[in-house]
Amino acid sequence: PVMKHKIVNLAVFKIAWTIVVVSAAAGTPFIGVVAVAAAVAIHLHTCDNVESETRLMLVAAVMGLAWESILVLSGLVSYSSGNLVPGIAPYWIVAMWVLFATTINAGMRWLQRNKVLAAVAGGIGGPMGFFAGAGVGAVELASPVIALACIGIGWAVMLPLLAQVAARLDSGPRLVEQSA
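Position numbers for residues count from 1 along each chain, tracking the sequence in the order it is written. Confidence filtering applies because this is a predicted model: local features only for residues at pLDDT of at least 70, side-chain atom pairs given and counted only at 80 or more, and all residues used for totals across whole chains, interfaces and linings. With hydrogens and water set aside, each side-chain value is computed from the structure's full complement of heavy atoms.

Caption draft 1: View of the nonpolar core. As used here, the term nonpolar core means buried Ala, Val, Leu, Ile, Met, Phe, Trp, Tyr and Cys residues forming a set that is joined through side-chain atoms within 4.5 Å. Burial classification: accessible surface area is computed with a 1.4 Å probe over protein chains only, and a residue below 20% of its type maximum counts as buried, one above 50% as exposed, and the rest as partly exposed. Ranked by size, the top nonpolar core spans 49 residues in total, and within it Val77 and Phe130 carry the most contacts. Under the DSSP-based scheme used, a helix requires at least four consecutive residues in state H or I and a strand at least two consecutive residues in state E, with every element numbered from the N terminus. Secondary structure elements with two or more residues in this core: helix H1 (2-25), helix H2 (29-46), helix H3 (50-74), helix H4 (91-101), helix H5 (115-136) and helix H6 (144-170). The biggest single contributor to this core is H4, with 10 residues.

Shown next as structure tokens:
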């Protein structure tokens, strides 16, 4: 059941991620946010500590809003849809951070075991996600090499930090115990 849960978690993440990116590129980012809401609902229904997972998603949303807004304000990235406040990250990219947080204690729990591995995964995976998003038109990279390098550095720092927050929150009391 644990392996099945991890596979379902990662599959739901990937499907929702794709919907978010494609809908943002099409100028209808709200559709992607609905997909994230559905993924979050599935995740919370299947996890054993709703309170800690909710807190983790809130931390991820704050981290995402701050980091993505720095990227926007620096001019490294720009988004054509979902910009409610000029200079601030669009709402759909913040939703992506919430979506990503649903994997930290499930499909990508391995990130918590090794900070160096988490940093490497962030340093590679972050830019890959942005590269894919730019490829479909969800984000524009002002100077792709510089933007992707900065994104990689940022994710190499933030992913281990998010994994550490997840581990600390997950070690708290359980709200729902699963029966054996």
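Read on for the rest.
Caption draft 2: Up close: H5. If you check H5, its first and last C-alpha atoms are 31 Å apart, about what 22 residues at 1.5 Å a residue would give, namely 32 Å. Buried within H5 are the following residues: Ala118, Gly122, Gly126, Pro127, Phe130 and Gly133. In protein, a polar contact requires one atom able to donate a hydrogen and another able to accept it; more generally it is a pair of N or O atoms within 3.5 Å, and residues adjacent in sequence count only if both atoms are side-chain atoms. The backbone nitrogen of Val116 has a side-chain oxygen 2.9 Å away, supplied by the residue at the start of H5, namely Asn114. One or two steps after H5, the chain reaches Gly137, where phi turns positive at roughly 95°. The length a helix should cover is 1.5 Å for every residue beyond the first.

Caption draft 3: Highlighting a nonpolar patch on the surface. Two joining distances apply to patches: 9 Å for like charges and 5 Å for nonpolar side chains (Val, Leu, Ile, Met, Phe, Trp, Tyr), and every residue must have over 30% relative accessible area and no salt bridge. Computed with a 1.4 Å probe, the accessible areas rest on the Shrake-Rupley method; for each residue, only the protein chains presented here act as cover. Any carboxyl oxygen of Asp or Glu within 4 Å of a side-chain nitrogen of Lys or Arg constitutes a salt bridge here. Taken together, the side chains of Leu65, Leu84, Val85 and Ile88 make up a nonpolar region of the molecular surface, amounting to roughly 360 Å² of accessible area. Tracing the backbone shows Ile88 in the loop between strand E1 (77-78) and H4. For Ile88, a relative accessible area of 33% gives the class partly exposed.

Caption draft 4: Highlighting the packing of H1 against H2. Lines fitted to C-alpha atoms define the axes here, with helix axes fitted over just the stretch in contact, and angles between the N-to-C directions of these axes take values from 0 to 180 degrees. Packing of H1 against H2 brings their axes to within 7 Å, and their N-to-C directions diverge by 165°. When the axis of H1 is compared with that of H2, the two are roughly antiparallel. Our pair here, H1 against H2, has a crossing hand that is left-handed. Counting all contacts with H1, which are made through His5, Asn9, Val12, Ala16, Ile19, Val20, Ser23 and Ala24, the residues of H2 involved are Pro29, Ile31, Gly32, Ala35, Val36, Ala39, Ile42, His43 and Thr46. Polar here means any residue other than Ala, Val, Leu, Ile, Met, Phe, Trp, Tyr, Cys and Pro, which are nonpolar, and Asp, Glu, Lys and Arg, which are charged; Gly is therefore polar. Of the residues in the contact of H1 with H2, the class split is 11 nonpolar, 6 polar and no charged. Reported orientations rely on four angle classes, namely roughly parallel under 35 degrees, roughly antiparallel over 145, roughly perpendicular from 65 to 115, and oblique for the rest. Throughout, a crossing is termed right-handed when the near helix is turned clockwise from the far one, and left-handed when it is turned anticlockwise from it by less than a right angle. Residues are treated as being in contact if the distance between any of their heavy atoms lies within 4.5 Å.

Caption draft 5: Looking closely at the layout of surface pockets. Of the voids in this model, the largest pocket is the one considered here, and its volume is about 590 Å³. Of the grid points, spaced at 1 Å and generated over the protein atoms alone, those admitting a 1.4 Å probe that cannot get out make up cavities, while open sets with protein on both sides within 12 Å along at least five of seven lines make up pockets; any residue with an atom within 4 Å of a point is treated as lining. Forming the boundary of the largest pocket are 28 residues, of which Phe13, Trp17, Phe100, Gly125 and Gly129 lie nearest the centre. Contributions of two or more residues to the lining of the largest pocket are made by H1, H4, H5 and H6. Here the element with the most residues in the lining of the largest pocket is H5; it accounts for 9 residues. Each residue belonging to the lining of the largest pocket can be placed in one class, and the counts come to 21 nonpolar, 5 polar and 2 charged. Grid points are joined across faces, edges and corners, and a volume is the space filled by probe spheres set on the points.

Caption draft 6: Highlighting the confidence of the model for the protein. A score between 0 and 100, pLDDT records how confident the predictor is in each residue. The predicted model of the protein has a mean per-residue pLDDT of 92, with 94% of residues at 70 or higher. A low-confidence stretch, residues 173-180 (pLDDT under 50), is modelled with 10 contacts involving residues beyond four sequence positions or located in other chains.

Caption draft 7: Layout of the environment of Glu53. Mapped onto the fold, Glu53 is located in helix H3. Using a relative accessible area of 3% as the deciding quantity, one classes Glu53 as buried. With 21 residues separating them in the primary sequence, Glu53 and Ser74 have C-alpha atoms 31 Å apart. Within the structure, Glu53 has its side chain in polar contact with the side chain of Asn105 (distance 2.6 Å).

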